[in-house]
Amino acid sequence: MSSGTSEEEQARTITLEAFADTIVPGEKRSPTDRAVAGAAEGGGAVAAGAIELLELPGTGLAPDLPNFATALNAHAETYAAEQDLALDGSVPPFVSLSFAHRTELVRRLTAIAHPERPLWVLLALFCNMAYDTGAHRHTAEAMADGHPGLTAMGFGKPDTDGLWRFSDFTYGRRLANSHPHTTASGSPA
Amino acid sequence: MSSSERTDVLVVGSGFGGAIAAYHLAAGGAKVVVLERGPWLKADEFEHDFLLGSSYTRIFDFVVGDGMSLLGGNCVGGGSVVYFAAMPRAPRFVFERRGSIGRRMWPAAISRDTLDPWYDLVTDALPITKQDWKDVSFAGGLFAAACDHAGRTANPVPVAVDNTRCTNCNWMMAGCRFDAKRSLLLNYLPGALAHGAEIRPLHEVQRLERTDDGGYRVHYNVVHDVDYREQVGNGVIEAEVVVLAAGAGATPVILKRSEADLGPMPYAVGRYFSGNGERLNTAVINEEKAAELLGLDRGDGRAYAANQIGKGPVVASWDNLDGDLPEYHRYSLEQLYFPPGFGTILAQVPDAAGPSWFGVEKKDLVRQWQSWLTVFTMIEDDNEGVFGPPPPTGNATRISQQMLGHGPLSYHPTPNTLRAWDETDAAVKSILERDGLARVTPWTNDLVGAYTVHPLASCRIGDDPATSALDDRHELRGHPGIFVTDGSAVPGALTVNPALTISALAERAIPGIVRAAQQRGVKVSYGAPGPGGDTGARRTVLPLAAKQLRG
């Protein structure tokens, strides 16, 4: 949550952060962090840069992010009413939900029968990409800065020119018999 | 932009179907213009970078449909620039398939035997080479060893890769930085250019109409070079002959959009789409078991942990490619690499207590990414894909500036397809979960439907006008002078990677296209050597071509 933004923008941001944290959960950035639920160790989608990625023009989602947040909070209100949950009025409704309830709501919104499924899957896709690829940054730079997702995955480091090369790549020996009907060109008969 | 621009042959798309046509027609003396909707990148522009806007998103397209998503190339060179270059020939039984129509799907004139000389041509031209075990990546070796442990065979797959240049970086989907992958940028396309063909990138064909003299007028938009949702111009070119090779996800869309001007299309345009029966499974390898059961050792104490290293698929298991088995029970299993992003979101947690594709357990699965082994399965599907009304432009309503869009394809798998996928899932499990080697789950189809990197058959060849859009010379029924040479012409799933078969069919179609051009007054001949000057395989096909040239 960056300072100096309007309350509306802050509400939008922490709602999207809470969604991103539901897709790839992470540890709280501070004891007072409400958006990140702290359901997993290490950085999650939020620390990986989900909001920065969503806000890039390239995703095509940036103009619609306020609508995503508004819709998500409306779903959260309906869900809370249905589950008889009390919402904490100091944060947006989705942020107010526990991690387990956020998870259940996202599961419902992305279920095959839900009419808005393509939209929520799209949002989830970019949150996931923030963690798995850091697509808002040059990959070599993200790696050098210890990007939480690529680091956790053990993504190998590039050479000094920013290109990946693996000179050690093979066991170098036959590990199975070839199919008896393989042709001279190496194809199935 | 001029409405009077004319060419002899207009080629739509610069992937295998377009590049091969452009080369031969230009080499034969025709004036050839190639319109390609994507950008034109050279080797030093292919970046190792996941950043949005890098080559990874500029040259690759992901089109979400209803029940099926298509992945493919969007650049000069088309699929050859983004693919993994696995180039097996289709097994013999494929050409005898009956599929959902209850009779032979392929034209009587085409069998493995009659296609082999054309396969040979492409094999020389790219070239395609057999791989040795020393070329096989750790992931391929692990899959081979697991197959062997399960009593199966496994083969190194023939590839269009120059292994002396390959760095095993596994960035093939972003284009090959090292010119190791033998894409069309290294053979047919420079050959076409040398013979005077023009290639125009970022030109997206919208529709065709007929001219008064029996030729065609081709309407295109010029696409913005960063934001593909924007058009920055448009124009028309007239041609005597049009070769459509926009890919199986786009060729039928262009034809359906042209229907108002050209008249009714054959019934099979935009129907009988096949995803090549594709499906993916992710295995998480138990590293200790890989050492203990398979005796694998990278030399540094690690047994595997090498998901990232390699060059896509290098080993396949072909035990189920048996023509004696009934249709829908024949399939291949192939080790594959898929980069993070799309390659991770659809992977599912084995026996998840909570959500299988997101959340805490999924994060833990991703943490083990270097121990993942991806297995690609290719079954015989039922050609159940159908295209709906075309979007306003292109073949998709683009969501993002690049790469991501929503297209008009719907695909609802039949019981034959679903059962065949179940059978391959079980086969992968039986190989990789044996003795605790790994945990395996298929990718979910619940998010973006099924998916294919090899769209096929949406405008297919055949002998039966009711179930094929093209005759066996690839000419569009009822619309003389329009030919289709891309994956949409392939009648159905091939049970193996299809690029070589698409290319061989395109090579086979060329003499017929040359003849049609000649009949329309174009001064063009057939018989050029391969783009590298090779003539060995050419000698075998010349008598075959002579027959087609006589009609």
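Structural notes, computed from the coordinates.

So, how was this worked out
Residues numbered from 1 in each chain as written. Chains lettered and ligands numbered in written order. Predicted model: local features only at pLDDT ≥ 70, side-chain atom pairs only at ≥ 80, totals over all residues. Heavy atoms only, no water. Helix = DSSP H or I, 4+ residues; strand = E, 2+ residues; numbered from the N terminus. Rg over C-alpha atoms; globule rule 2.2 N^0.38 Å. Buried < 20%, exposed > 50% of the residue type's maximum accessible area, 1.4 Å probe, protein only. Contact = heavy atoms within 4.5 Å. Areas by Shrake-Rupley, 256 points an atom, 1.4 Å probe, with all protein chains shown as cover. Lys, Arg positive; Asp, Glu negative; His and termini not counted. Charge placed at Lys NZ, Arg CZ, Asp CG, Glu CD. Pairing = 2+ DSSP bridges. Axes fitted to C-alpha atoms, helices over the stretch in contact; angles between N-to-C directions. Salt bridge = Lys/Arg side-chain N within 4 Å of Asp/Glu carboxyl O. Core = buried A, V, L, I, M, F, W, Y, C linked by side-chain atoms within 4.5 Å. Parallel < 35°, antiparallel > 145°, perpendicular 65-115°, else oblique. Left-handed = near helix turned anticlockwise from the far one by under 90°. Nonpolar A, V, L, I, M, F, W, Y, C, P; charged D, E, K, R; others polar. Phe/Tyr/Trp six-rings, centres within 6.5 Å; stacked < 30°, edge-to-face > 60°. Lys NZ or Arg CZ within 6 Å of the ring centre and 35° of its normal. Buried area = accessible area lost by both parts, 1.4 Å probe. Polar contact = N/O pair within 3.5 Å; in protein donor to acceptor, adjacent residues only side chain to side chain. Expected span 1.5 Å × (residues − 1). Bend = angle between axes of the 7 residues up to and from the residue.

### Some points on the overall build of chain B
- When helices and strands are counted, chain B shows 13 helices and 19 strands.
- Whereas a compact globule of 551 residues would reach a radius of gyration of roughly 24 Å, chain B reaches 22 Å, a difference of no more than 12%.
- Considering only C-alpha atoms, chain B reaches an extent of 70 × 45 × 45 Å along its principal axes.
- When burial is assessed residue by residue, chain B has 69% of its 551 residues classed as buried.
- Within chain B, residue pairs in contact and separated by at least 24 positions form 74% of the contacts whose partners lie at least 6 positions apart.
- Here chain B displays about 16,400 Å² of accessible surface, and carbon together with sulfur accounts for 50% of that area.
- Put simply, chain B has 52 plus and 63 minus side-chain charges, and the middle of one group is 4 Å from the middle of the other.

### Focus on the pairing of strand S12 (residues 332-336) of chain B
Residues and elements named next belong to chain B.
- When you tally the buried positions in S12, you get five out of five residues, the bulk of the element.
- Burial along S12 is two-sided: Ser-332, Glu-334 and Leu-336 and Leu-333 and Gln-335, pointing in opposite directions, are all buried.
- As paired elements, S12 and strand S13 (residues 372-378) share five bridges and run antiparallel to each other. Of the residues in S13, the one forming a bridge with Gln-335 is Val-375.

### Topic: the sheet that holds S12 of chain B
Residue and element names in this part refer to chain B.
- Strand order in the open sheet formed by six strands is S5-S11-S12-S13-S10-S17, with antiparallel pairing between adjacent strands. Each edge of the open sheet is held by one strand with a lone partner, namely strand S5 (155-156) and strand S17 (438-442).
- Across the sheet, helix H11 (residues 415-432) lies against strand S10 (278-285), S12, S13 and S17, angled at about 20° from S10, the strand it touches most.

### Some points on the pattern of salt bridges
Residues and elements named next belong to chain B.
- On inspection of all chains with the given rule, the structure shows 43 salt bridges over all chains.
- A salt bridge links Arg-200 to Glu-5; its shortest N-O distance comes to 2.6 Å. Of this pair, Arg-200 sits in strand S6 (residues 198-200) while Glu-5 sits in the segment before strand S1 (6-12); the two residues are 195 residues apart in sequence, bridging distant segments of the chain.
- Via salt bridges that share partners, Arg-6, Glu-209, Asp-213, Arg-217, Glu-238 and Glu-240 belong to a single interconnected network.

### Digging into the pairing of strand S7 (residues 203-210) of chain B
All names here are of chain B.
- Burial analysis of S7 places six of its eight residues in the buried class, the great majority of the element.
- The pairing of S7 with strand S8 (residues 216-223) spans seven bridges and is classified as antiparallel. By the bridge assignment, Leu-208 is partnered in S8 with Val-218.
- Once S7 ends, the chain turns through five residues before running back antiparallel as S8, passing Gly-214 with a positive phi of about 90°.

### A word on unusual backbone geometry
Residues and elements named next belong to chain B.
- For the bond running from Leu-126 to Pro-127, omega is -10°, close enough to zero to count as cis.
- Not every positive phi belongs to a glycine, and Asn-276 is a case in point at roughly 60°.
- Relative to the helices and strands, Asn-276 resides in the loop between helix H7 (251-262) and S10.
- Not every positive phi belongs to a glycine, and Thr-495 is a case in point at roughly 65°.
- Looking at the secondary structure, you find Thr-495 in the loop between strand S19 (482-484) and helix H12 (499-519).
- Judged by its relative accessible area of 0%, Thr-495 is buried.

### What about the nonpolar core?
- Counting residues in each nonpolar core, the largest one holds 249 residues, and the members touching the most others are Phe-19 of chain A together with Leu-25, Val-32, Trp-106, Leu-373 and Leu-432 of chain B.
- Residues within four places of Trp-106 of chain B in sequence aside, it is in contact with Val-94, Phe-95, Ile-461, Asp-463, Val-490, Pro-491, Leu-494, Thr-501 and Leu-505 of chain B.

### Structural notes on the packing of H12 of chain B against helix H13 (residues 536-550) of chain B
Residues and elements named next belong to chain B.
- Where H12 meets H13, the axes come as close as 9 Å, and the angle between the chain directions of the two elements is 40°. Considering their axes alone, H12 and H13 lie oblique with respect to each other. Handedness of the H12/H13 crossing: right-handed. Facing H12, whose interface residues are Glu-507, Arg-508, Pro-511, Gly-512, Val-514 and Arg-515, H13 presents Arg-538, Ala-545, Gln-548, Leu-549 and Arg-550.
- A class-by-class count of the residues in the contact of H12 with H13 yields four nonpolar, two polar and five charged.

### Structural notes on the packing of aromatic side chains
- Evaluated as defined, the whole model comprises 20 aromatic pairs over all chains.
- Ring centres of Phe-155 of chain A and Trp-164 of chain A lie 5.7 Å apart, and the angle between their planes is 70°; this geometry places the pair in the edge-to-face category.
- Judged by its relative accessible area of 5%, Phe-155 of chain A is buried.
- On the accessibility criterion, Trp-164 of chain A (0% relative accessible area) is buried.
- Between Trp-357 of chain B and Phe-358 of chain B the ring centres are 4.8 Å apart and the planes differ by 65°, which places this aromatic pair in the edge-to-face class.
- Assessed through its relative accessible area of 1%, Phe-358 of chain B is described here as buried.
- Counting every residue linked through ring pairs, the aromatic cluster contains Phe-155 and Trp-164 of chain A together with Phe-50, Tyr-56, Trp-171, Tyr-337 and Trp-369 of chain B.
- Of note, Lys-42 of chain B hangs over the ring of Trp-40 of chain B, and the distance from its end group to the ring centre comes to 5.1 Å.

### Points about the interface of chain B and chain A
- Listed per partner, the contact involves 73 residues of chain B and 71 residues of chain A.
- When the buried surface of chain B facing chain A is broken down by residue, Leu-52, Trp-133 and Lys-363 of chain B rank first, second and third, together holding 12% of it.
- Run the count over chain B and chain A and you get zero salt bridges.
- On inspection of chain B and its partner chain A, the count reaches 29 residue pairs in polar contact (both at pLDDT 80 or more).
- At the level of secondary structure, the elements contributing two or more residues to the side of chain B that touches chain A comprise helix H5 (138-149), S5, helix H9 (342-345) and helix H10 (360-367) of chain B.
- Broken down by element, the residue count for the side of chain B that touches chain A peaks at six residues, all from H5 of chain B.
- Here the side of chain B that touches chain A is built from residues that sort into 40 nonpolar, 16 polar and 17 charged.

### Some words on the side chain of Asp-61 of chain B
All names here are of chain B.
- You can see Asp-61 is positioned in strand S3 (residues 60-66).
- In this structure the side chain of Asp-61 is engaged in a polar contact, spanning 3.3 Å, whose partner is the side chain of Arg-37.
- Contact partners of Asp-61, with chain neighbours within four places excluded, come to Arg-37, Leu-70, Leu-71, Gly-72, Asn-74, Arg-398 and Met-403.

### A word on the packing of helix H4 (residues 112-125) of chain B against H12 of chain B
Residues and elements named next belong to chain B.
- One can describe the packing of H4 onto H12 by two numbers: an axis separation of 8 Å at closest approach and a directional angle of 105°. The pairing of H4 with H12 is recorded here as roughly perpendicular in orientation. Counting all contacts with H4, which are made through Leu-115, Trp-118, Tyr-119, Leu-121, Val-122 and Thr-123, the residues of H12 involved are Leu-500, Thr-501, Ser-503, Ala-504, Leu-505, Glu-507, Arg-508 and Pro-511.
- Along the lines of polarity and charge, the residues of the contact of H4 with H12 split into nine nonpolar, three polar and two charged.

### Things to note about H4 of chain B
All names here are of chain B.
- In this model, H4 (14 residues) spans 19 Å end to end at C-alpha, consistent with the 20 Å of a helix rising 1.5 Å per residue.
- In H4, a bend of some 25° at Trp-118 exceeds every other bend along the element.
- Among the 14 residues of H4, ten are classified as buried, and the element is accordingly described as predominantly covered.
- Among all positions of H4, only Arg-112, Leu-115, Asp-116, Pro-117, Trp-118, Tyr-119, Leu-121, Val-122, Thr-123 and Ala-125 are buried.
- Packing partners of the buried residues in H4 comprise helix H6 (188-194), H12 and H13.

### Thoughts on the side chain of Thr-417 of chain B
- Inspection of the secondary structure puts Thr-417 of chain B in helix H11.
- Ignoring any residue separated from it by four or fewer positions in sequence, one finds Thr-417 of chain B in contact with Ile-379, Asp-381, Asp-382, Glu-384 and Tyr-411 of chain B.

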